[in-house]
Amino acid sequence: MDISKIKNTIKKEFEEIKNSKELRDFSKKYLGKQGEIRKIFGEIKDMTLEEKKVIGQEINSFVKEIEVEINKIEKTLKQDSLEKIDSSLPPIEIETGHLHPLTQVRREIENIFQLMGFSVLEGPEVEDLWHNFDSLNIPEGHPARDALSLGKTFYLRKNLVLRSHTSPAQTRYMKKLGAPLRIVIPGRVYRYERTDASHETNFYQIEGLMLDENISVANLKGVLERFLQEFFKKKIKIRLRPSYFPFTEPSFEIDMSCAVCSGNGCSACKKTGWVEILGAGMVHPNVVENGGLDPEKWKGFAFGMSIDRLTMMKYKINDIRWFHSGNLKFLKQF
Ligand code: PHE
């Protein structure tokens, strides 16, 4: 066996190593468990003890030499690859998520009402029939149970529905907290709708309720005008149209001047310059009574406002279905 010839081949091969992959391959080929050097040890096992000793030593010191060299070259290779990293380059931007526009707007609305002295509360999304209908002066067989908006209720079981509006929270909190009351209850509501640009099967409302000894429609108007001014950061015109809800008397539908076209007429307001944003009225005495309070003493207003509509007005969004479309291009704008 010509040890020096073997050493020369190994050295030559070693000098040609250009990158860490080749270095790994080299180590494996010669130093690995099944490497060439092991094989040499296998071959010398039939030699005399004396020969074995000499050759064994020579190989061992050669292996040590190689290992030292490998360590060195490993370091230089590492250094080289570090130098290839340009630390002056700007970092890759990591995309972070953010709150959904409806959540952002809901929080904004809550803040404004809190500044006006309203507490923010929550009601359950699964309601019993009594709270969703009866307590609100809509007894069984009452036409309002089939009427346009409230007749579109999702029934879960005989006595349970997905709330079709946030109004059931009115009697819940009258019973729980008594009066006077100044509260808003935001939340998701469900309706069996044929969806289009302005209708969704679920959307968000915020219920408002103010009960005290001396409340009139003027308070309702004042609170809403102030709210809209804060929310849109400019004076917004509103108009009250007489309407009907079993749980308020008198009842109104309230429009705001269209914020998309400033009242000039566009598709968002169906060319009328006005957009309906809420239903409201003076709380019906029967409802106050169902809330366990004395209707002679406690009077007040209630309103139910669509958070989706307000968001659409604020950001000039022309179709309510964008909100749950999952479209990231849409969402990233907020
Ligand atoms: N609950 C009514 C609706 O969803 C809105 C409303 C709330 C009306 C409170 C009057 C008072 O259409």
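Quick summary incoming for the structure in this document. Just so it is clear, the model here is predicted, and its values are computed rather than measured.

Once that is clear, we can look at the sheet that holds strand E1 (residues 119-120). In space, the 7 strands of this open sheet follow the order E1-E5-E6-E10-E9-E8-E7, with mixed pairing throughout. Sheet topology places E1 and strand E7 (238-245) at the edges, where each strand pairs with a single neighbour. Pairing of strand E9 (residues 274-283) with strand E10 (residues 299-306) involves 5 bridges; the strand directions are antiparallel. Following the sheet pairing, Leu 278 is matched in E10 by Met 305. Against the sheet, helix H7 (residues 168-177) contacts strand E5 (181-190), strand E6 (202-212), E9 and E10, and its axis sits at roughly 140 degrees relative to E5. Contacts between helix H10 (residues 307-315) and the sheet are confined to E5, E6, strand E8 (248-257), E9 and E10, with E10 contributing the most and set at about 60 degrees to the helix.

Turning to the pattern of salt bridges, a few remarks are in order. Applying the stated criterion across every chain, the model contains 18 salt bridges. Of the charged contacts in the structure, one is a salt bridge between Lys 314 and Glu 108, with a shortest N-O distance of 2.5 Å. One end of the pair, Lys 314, is in helix H10; the other, Glu 108, is in helix H5 (residues 101-115), and 206 residues separate them in sequence. Glu 108 gets classed as partly exposed once you look at its relative accessible area, which sits at 24%. Connected via shared salt-bridge partners are Arg 239, Arg 241, Glu 253, Asp 255 and Glu 276.

When you line up the elements, Ser 167 lands in the loop between strand E4 (160-162) and H7. Assessed through its relative accessible area of 4%, Ser 167 is described here as buried. At a separation of 3.5 Å, a polar atom in the side chain of Ser 167 contacts the side chain of His 165. Here Ser 167 is in contact with Leu 136, Glu 207 and Phe 247, once residues within four sequence places are set aside.

Of all hydrophobic cores here, the largest spans 46 residues; its most connected members are Ile 109, Phe 113, Phe 227, Phe 232, Phe 301, Phe 303 and Leu 310. Elements supplying a minimum of two residues to this core: H5, E6, helix H8 (217-232), E8, E9, E10, H10 and helix H11 (328-331). A total of 7 residues in this core trace back to one element, the largest contributor, which is H8. In this view, Leu 310 contacts Ile 109, Phe 227, Leu 228, Phe 231, Phe 232, Ile 277 and Met 305; residues no more than four positions away in its chain are not counted. Core analysis: the second largest hydrophobic core is formed by 21 residues, Ala 169, Met 174, Phe 245 and Leu 293 among them.

A separate point is unusual backbone geometry. Put simply, Ala 179 and Pro 180 share a cis peptide bond, and its omega is 0 degrees. Mapped onto the elements of the fold, Pro 180 is located in the loop between H7 and E5. Pro 250 follows Glu 249 through a cis peptide bond whose omega is -5 degrees. Along the polypeptide, Pro 250 turns up in strand E8. Even without being a glycine, Asn 137 presents a positive backbone phi close to 70 degrees. Tracing the backbone shows Asn 137 in the loop between helix H6 (129-132) and strand E3 (154-157). Of note in the backbone geometry, Lys 316 takes a positive phi value of approximately 55 degrees without being a glycine. Locating Lys 316 in the fold gives a position in the loop between H10 and H11.

Rules behind the numbers
- Residues numbered from 1 in each chain as written.
- Predicted model: local features only at pLDDT ≥ 70, side-chain atom pairs only at ≥ 80, totals over all residues.
- Heavy atoms only, no water.
- Pairing = 2+ DSSP bridges.
- Helix = DSSP H or I, 4+ residues; strand = E, 2+ residues; numbered from the N terminus.
- Contact = heavy atoms within 4.5 Å.
- Axes fitted to C-alpha atoms, helices over the stretch in contact; angles between N-to-C directions.
- Salt bridge = Lys/Arg side-chain N within 4 Å of Asp/Glu carboxyl O.
- Buried < 20%, exposed > 50% of the residue type's maximum accessible area, 1.4 Å probe, protein only.
- Polar contact = N/O pair within 3.5 Å; in protein donor to acceptor, adjacent residues only side chain to side chain.
- Core = buried A, V, L, I, M, F, W, Y, C linked by side-chain atoms within 4.5 Å.

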